[in-house]
Amino acid sequence: MDYVYAAMWLIIGFLLIFRMGKEHKVFYLAGGFFLLLGIWRLADIFAPQDLFAGVWGIVFRIIAVAALVLLCLVFWRSYQKDRESFKDGEKEQGAPQKEESEEKPGDHEGW
């Protein structure tokens, strides 16, 4: 089962880097993080000691927390920027204008 997890993390990492990286640069960082997860899992399979426990486990957790915090900050900044540009676009266009029809309220066909 460990091989499945390692393969899954590696595939996700490559997809994020090569497919989504063109969309936004943050996906390069996210893809690199998932590649690290896959490599760490493979190293854990072949290493004689458990790489998710002890000092190596602490190192892994520090790297994971740093990467996730950085990804969250980049996502939040991007979200705020998109939100501001949406608000600015609304202000430029103004409030939607209601088109006035030439029909009178009681003037409908077939009534």
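What you are looking at is a predicted structure, and each value in this text was computed from that prediction instead of being measured.

The rules behind each value
Residues numbered from 1 in each chain as written. Predicted model: local features only at pLDDT ≥ 70, side-chain atom pairs only at ≥ 80, totals over all residues. Heavy atoms only, no water. Helix = DSSP H or I, 4+ residues; strand = E, 2+ residues; numbered from the N terminus. Buried < 20%, exposed > 50% of the residue type's maximum accessible area, 1.4 Å probe, protein only. Contact = heavy atoms within 4.5 Å. Areas by Shrake-Rupley, 256 points an atom, 1.4 Å probe, with all protein chains shown as cover. Expected span 1.5 Å × (residues − 1). Salt bridge = Lys/Arg side-chain N within 4 Å of Asp/Glu carboxyl O. Core = buried A, V, L, I, M, F, W, Y, C linked by side-chain atoms within 4.5 Å. Phe/Tyr/Trp six-rings, centres within 6.5 Å; stacked < 30°, edge-to-face > 60°. Arc of directions from axis to C-beta.

Some words on the overall build of the protein
Secondary structure assignment for the protein yields three helices and zero strands. If you list the helices and strands of the protein from N to C, you get α-α-α. The burial tally for the protein puts 20% of its 111 residues in the buried class. Within the protein, contacts between residues at least 6 apart in sequence are counted, and of these 46% link residues at least 24 apart. On the protein, roughly 9400 Å² of surface is accessible, and the fraction owed to carbon and sulfur atoms is 64%.

Quick word on helix α2 (residues 26-46)
In this model α2 runs 31 Å from its N-terminal to its C-terminal C-alpha over 21 residues, within 8% of the 30 Å that 1.5 Å per residue would give. When we look at burial in α2, the residues that qualify are Val26, Ala30, Gly31, Phe33, Leu35, Leu37, Gly38, Trp40 and Asp44.

A look at the pattern of salt bridges
Counted according to the given criterion, the structure contains one salt bridge. Close ionic contact of Asp2 with Arg41 constitutes a salt bridge, the shortest N to O distance being 3.6 Å. Taken together, the residues span a long stretch of sequence, with Asp2 in helix α1 (residues 2-20) and Arg41 in helix α2 at a distance of 39 residues. Asp2 gets classed as partly exposed once you look at its relative accessible area, which sits at 35%.

Some words on the environment of Gly13
Note that Gly13 resides in helix α1. Classification of Gly13 by relative accessible area gives buried; the value is 0%. As for Gly13 and Leu36, which are separated by 23 residues in sequence, their C-alpha atoms are 8.4 Å apart. Not counting chain neighbours up to four residues away, the residues in contact with Gly13 comprise Gly31, Phe34 and Leu35.

Details of the nonpolar core
Grouped together as the largest cluster of nonpolar side chains are seven residues: Phe33, Leu37, Trp40, Leu51, Phe60, Ala64 and Ala67. Look past the residues within four positions of Trp40 in its chain and what remains in contact with it is Leu51, Phe52, Trp56, Val59 and Phe60.

Overview of the packing of aromatic side chains
Using the criterion set out here, one finds nine aromatic pairs in the structure. Following the ring pairs from residue to residue traces out a cluster consisting of Trp40, Phe52, Trp56 and Phe60.

Describing α1
Over its 19 residues, α1 runs 26 Å from end to end, which matches the ideal 27 Å to within 8%, given 1.5 Å per residue. Along α1, the positions that sit buried rather than exposed are Ala6, Leu10, Gly13, Leu16 and Ile17. One face of α1 carries all of its buried residues, which in axial projection span an arc of 125°. Counted as exposed and oriented over 90 degrees from the buried face of α1: Val4, Ile11, Phe18 and Arg19. Next to the buried residues of α1 lie α2.

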